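Below, each chain spelled out in residue letters.
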Amino acid sequence: MAALPPYASPVQRAWYYGFRILCGLIFFFLIAPIIVVIPLSFNAEDFFTFTPGMLALDPDAYGTSHYRDFFTNPAWQQALGNSVRIAPMATLLAVSLGTLAAVGLSQSHVPFKGAIMAILISPMIVPLIISAAGMYFFYSRIGLQGTYWGVVMAHTALGIPFVIITVTATLVGFDRSLTRASASLGAGPIRTFFKVQMPLILPGVISGALFAFITSFDEVVVVLFVGSAGQKTLPWQMFIGLREQISPTILAVATVLVAISILLLTTVEFLRRRSERLRGMSPG
Amino acid sequence: MTDATAEPTHRPSPREQKEMAEQDGPMLAADGTPLKRSLNRALRAQKLRALMLIAPLLIFILVTFVAPIADMLFRSVENQIVSETVPRTIVALDETWSDHDAVPGEAVFAAMAYDLKEAAERREHTRLGSRLNYETTGISSLFRRSGRGVDDVGEIYADQFIELDEAWEEPATWTALMADPEWIADAEGTEDEDIPRFRLADGIADILPETASAYAGFARVIIDQDGDNPLEEEPWNTIYLALYRDLSAGADVSAYDGPQARRLSAAAEAVPGFESEPVSVMFEDIDEDWLDPQVWGTIDAFSSRYTAGYYLAAIDMQLTPEGIEPQPEEQRIYLLLFKRTLFMSGVIMGMCVLLGYPVAFLLANLPLRTSNLLMILVLLPFWTSLLVRTSAWKVLLQQEGVINDTLVWIGLVADNDRLQLINNQLGTIIAMTHILLPFMILPLYSVMQTIPPSYVRAAKSLGANDWTAFWRVYFPQSVPGIGAGCILVFILSIGYYITPELVGGRTGTFISNRIAFHISESLNWGLAAALGAILLGAVLILYWAYDRIVGIDNVKLG
């Protein structure tokens, strides 16, 4: 696939360029819907399409009124506030419990390892609507339905598989003699963990944390059922907006969220490439 | 140290070691315990430490996630509401109702009167009504009406007893007859909130079985529900009905010598002369539907504590008094929805393969630096909020949206004949293909990266043309990636809720949308749980297949 050899026949040439055009179109399909939201969100009017003024690049056709609405409308601000209060707490819980368990799971002798792993990964496998239904039923029984902690616990459960997967993956390459060396030099298990093990698995922990964060921050199905009006998060508010009366403010919110995703993606990719480079897996 | 080098210690040969071991018994550790035991202990300690590290999370997941799923599965078969709300009726139906085409006997109607009166006071009769309404429509309103009407059942006997002796109206007469004397002593003069649990007098249940049961129910409701004292409350009309039925059935009052014995035997003598009316007629006055055997059949069919009824409903069957039957034609929706969910997931999966394969192929065969750059175009949608992508599609696909505008501008579509791209199956398929495409590309890419390029070169050097080299050599090696991606996309897609809800309209929704509807709107939680359990079963089978083919440990993120 690399480069077209000079002796390529016209048919091969046609295939080569045709294939690239096809892939270009698919990439366009992947990325265009996300990109197109950005200019639309700067529409000065309440339309969901490019106005003639926007197409003529008339500066007056562009405006930030939708962003102003997002940052001043109390409903959106409350939703943003709830998201900012729920996601970090769920991330913190998922990362601390998940890292501890991942360290336990990576020991050489763990009884029932397969079964435990299956249970810990299950929140990722079970369709969200089923988790949401079960949690709604069960949390109403124990009085957690409609509370802040109910939503945080549900989101923690959903984020944990990602932490387990990323941290155990980093621990696979972990040199066990390092902890033994640390122990032989007199460090206790806790000191060994924080001084020796933690710095080495940190990239895995951070990308697990980012996955857990984005899981909670983007999650809407479970919070719809487990939360009440007081826990209305940003995705929930967007969901209502899309289902009932679609307002252009959603496009502004979407643009802000795309910016956040780009930030998270860059961080995760940076961490991944760094750890691959450290392990000598990739020349990049 | 110098000593050691000067005089090297004699090292026993393996054979000598073996002999030594045989002479001295088991090998010993430094502290003198046998090495085997000491190693075992160390291993146990290691296992315990690992479990201690895992335990907090495991408990957390069990409470916050596994217990809810178990609760859902339990709810899909649980049916205690019928047996808890109308317990006497169920017993009476069981004992006396044999011909299911006929209206049940008086005993059943009387039992229903006691149960219904109690349930109405507890405001539980409407709940039972809506539960049974899932099975036979109309029962909900029947129960709602009867909750009010049941007050009059037995009034005819209450009037006659009071006419006979005004003391029958006094709460004290009844408690003296029915209650345990110790209970009366406890309950007398206490605050209404502190009244002890009601206890029947010894032996009264043998002489007046129905009255004792009805009165005990009355006393419990008065204490728990109203927070009042039975010593001060006039009994309900249904209790007079019970007394009449007990006495006219020939209760042996002569053997009774407790409080109020004289009044009771006087009543027993007068009862044959009472003007009487069948209980079934009283019920008919409330609502004629009570004379419909089908209503009783439904109550009887759903009287057990656990039921397969929700599962039957989830596959468009129903449990009728005659056995399991298909639902009426116009109510069969779930099998259609399951089929549609599977079909659309299949289409989305197919679209993802068609679009994902070329991209993964290109990425795997480009120089790493270029492919890493292009990979961002795949990863950005993967990281972008689901709601953002769905709202983008909602905006783009509208009739006044960007795509239709562009098509009109090009001239492919007339302005007054814009394409209907959203709120139908097409909308769901387009949006979900876009959303799930990265889940196809990533596993495909990781498999294709491992295929050595020399194989294709070897095939070409042996004379294969480009197509043959690809189809016979490259493609078979990429099949595991297709399998992994397909199962992943399919699993994710059959459980999707948000996107079909927002862009699917009426024809493009999945089974999950119906589950959500039953949880939050129709409140038929049992059916929602049964539908969820079926969906969960399907996902677990697919997941098992995924684990067999790919292995869950090979899941890669990002």
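About the thresholds
Residues numbered from 1 in each chain as written. Chains lettered and ligands numbered in written order. Predicted model: local features only at pLDDT ≥ 70, side-chain atom pairs only at ≥ 80, totals over all residues. Heavy atoms only, no water. Helix = DSSP H or I, 4+ residues; strand = E, 2+ residues; numbered from the N terminus. Rg over C-alpha atoms; globule rule 2.2 N^0.38 Å. Buried < 20%, exposed > 50% of the residue type's maximum accessible area, 1.4 Å probe, protein only. Contact = heavy atoms within 4.5 Å. Areas by Shrake-Rupley, 256 points an atom, 1.4 Å probe, with all protein chains shown as cover. Lys, Arg positive; Asp, Glu negative; His and termini not counted. Charge placed at Lys NZ, Arg CZ, Asp CG, Glu CD. Axes fitted to C-alpha atoms, helices over the stretch in contact; angles between N-to-C directions. Parallel < 35°, antiparallel > 145°, perpendicular 65-115°, else oblique. Nonpolar A, V, L, I, M, F, W, Y, C, P; charged D, E, K, R; others polar. Domains from an automatic or database assignment. Buried area = accessible area lost by both parts, 1.4 Å probe. Salt bridge = Lys/Arg side-chain N within 4 Å of Asp/Glu carboxyl O. Polar contact = N/O pair within 3.5 Å; in protein donor to acceptor, adjacent residues only side chain to side chain. Expected span 1.5 Å × (residues − 1). Phe/Tyr/Trp six-rings, centres within 6.5 Å; stacked < 30°, edge-to-face > 60°. Lys NZ or Arg CZ within 6 Å of the ring centre and 35° of its normal.

Focus on the overall build of chain B
Across its full length, chain B holds 28 helices and two strands. For 558 residues, the compact-globule estimate of 2.2 N^0.38 gives 24 Å, and chain B exceeds it by more than 25% at 38 Å. Judged by the C-alpha coordinates and their principal axes, chain B covers about 115 × 100 × 45 Å. Across the 558 residues of chain B, 49% fall into the buried class. Restricting the contact set of chain B to residue pairs at least 6 apart, pairs at least 24 apart contribute 70%. Split by element, the accessible area of chain B, about 27,100 Å² in all, is 55% carbon and sulfur. Distance between charge centroids for chain B: 22 Å, based on 40 positive and 73 negative side chains.

A word on the packing of helix α9 (residues 155-164) of chain B against helix α14 (residues 237-248) of chain B
All names here are of chain B. Between α9 and α14, the shortest axis-to-axis distance is 7 Å and the interhelical angle comes to 75°. Put simply, α9 runs roughly perpendicular to α14. Residue-level contacts link E155, Y157, A158, F161 and I162 of α9 to N237, Y240, L241, L243, Y244 and L247 of α14. Its residues placed into classes, the contact of α9 with α14 shows nine nonpolar, one polar and one charged.

Some points on unusual backbone geometry
All names here are of chain B. One non-glycine residue with positive phi stands out, namely D316, at about 65°. Structurally, the position occupied by D316 is in the loop between α18 (309-314) and β1 (317-320). Taking the relative accessible area as the measure of exposure, D316 reaches 5% and is therefore buried. The residue L523 is not glycine, and still its phi comes out positive at about 60°. Here L523 lies in the loop between α27 (511-520) and α28 (525-549).

Some words on the side chain of D218(A)
Following the sequence through the fold, D218(A) ends up in helix α9 (residues 189-218). Apart from residues no more than four positions distant in its own chain, D218(A) is found in contact with P235(A), W383(B), T384(B), S385(B) and L386(B).

Brief notes about the domain arrangement of chain B
All names here are of chain B. The assigned domain composition of chain B is domain 1 (14-75), domain 2 (76-332) and domain 3 (335-554). Averaged C-alpha coordinates put domain 1 and domain 2 at centres separated by 60 Å. Contact residues are listed per partner, giving four residues for domain 1 and six residues for domain 2. On the domain 1 side of the interface with domain 2, the three residues burying the most area are L73, F74 and R75, jointly 96% of the side's total. At the junction of domain 1 and domain 2, the tally comes to zero salt bridges. The interface formed by domain 1 and domain 2 includes six residue pairs in polar contact (both at pLDDT 80 or more). For the side of domain 1 that touches domain 2, a count of residues per class yields three nonpolar, no polar and one charged.

Some remarks on helix α21 (residues 386-397) of chain B
End to end, α21(B) covers 16 Å across 12 residues, agreeing with the expected 16 Å (1.5 Å per residue, within 8%). Of all the residues in α21(B), the buried ones are L386(B), L387(B), V388(B), R389(B), T390(B), S391(B), A392(B), W393(B), K394(B), V395(B), L396(B) and L397(B).

Looking at the environment of D60(A)
Mapped onto the elements of the fold, D60(A) is located in the loop between α2 (52-55) and α3 (65-72). Take D60(A): its relative accessible area is 65%, and that puts it in the exposed class.

Section: the interface of chain A and chain B
By a widespread convention, an interface's size corresponds to the accessible area lost as its parts come together. Contacts between chain A and chain B engage 90 residues on the former and 89 residues on the latter. Each partner contributes to the roughly 8,200 Å² buried at the junction of chain A and chain B, and carbon and sulfur atoms together form 82% of this total. At the surface where chain A touches chain B, the tally comes to two salt bridges. In this structure, D71(B) engages R141(A) in a salt bridge whose closest nitrogen and oxygen atoms are separated by 2.8 Å. Joining chain A to chain B, the criterion identifies nine residue pairs in polar contact (both at pLDDT 80 or more). With 15 residues, helix α1 (residues 10-41) of chain A is the single largest residue contributor to the side of chain A that touches chain B. When the residues that make up the side of chain A that touches chain B are grouped by side-chain class, the tally is 69 nonpolar, 14 polar and seven charged.

Quick notes on the pattern of salt bridges
Oppositely charged side chains may form a pair once their charged atoms are brought near each other. Per the counting criterion, the structure on display carries 16 salt bridges over all chains. When the shortest N-O distance is used, the salt bridge between D71(B) and R75(B) registers 3.8 Å. Here D71(B) pairs with R75(B), and both are found in helix α3 (residues 35-75), just four residues apart, close to one helical turn. Each member of the pair, D71(B) as well as R75(B), carries the same accessibility label: buried. For the salt bridge of R263(B) with D165(B), the shortest nitrogen-to-oxygen distance reads 2.7 Å. Residue R263(B) is found in helix α15 (residues 261-270), and its partner D165(B) is found in the loop between α9 and α10 (171-178); the two are separated by 98 residues along the sequence. Residues joined by salt bridges that share partners form a network here, namely R141(A), D71(B) and R75(B).

Focus on helix α11 (residues 234-243) of chain A
Here α11(A) lies mainly inside the structure; eight of its 10 residues are buried. Of all the positions in α11(A), only L234(A), P235(A), W236(A), Q237(A), M238(A), F239(A), G241(A) and L242(A) are classed as buried.

Details of the packing of aromatic side chains
Inspection of every chain in the model, using the stated rule, returns 45 aromatic pairs over all chains. Relative to F71(A), the ring of F70(A) has its centre 4.8 Å away and its plane inclined at 50°; by these criteria the two rings are tilted. An angle of 65° between the planes, with centres 6.2 Å apart, marks the rings of F74(B) and Y306(B) as edge-to-face. A residue pair is termed long-range when its members are at least 10 positions apart, and F74(B) in helix α3 and Y306(B) in the loop between α17 (293-301) and α18 qualify at 232 residues. Under the relative-accessibility criterion, F74(B) is labelled partly exposed at 32%. Using a relative accessible area of 44% as the deciding quantity, one classes Y306(B) as partly exposed. Joined through ring pairs, the aromatic side chains of Y157(B), F161(B), W168(B), W174(B), W183(B), F198(B), Y215(B), F218(B), W236(B), Y240(B), Y244(B) and F274(B) make up one cluster. Its guanidinium or amino end placed over the ring of W236(A), K232(A) lies 6.0 Å from that ring's centre, counting from NZ or CZ. Positioned above the aromatic ring of W236(B) is the side chain of K117(B), whose terminal nitrogen or guanidinium carbon lies 5.3 Å from the ring centre.

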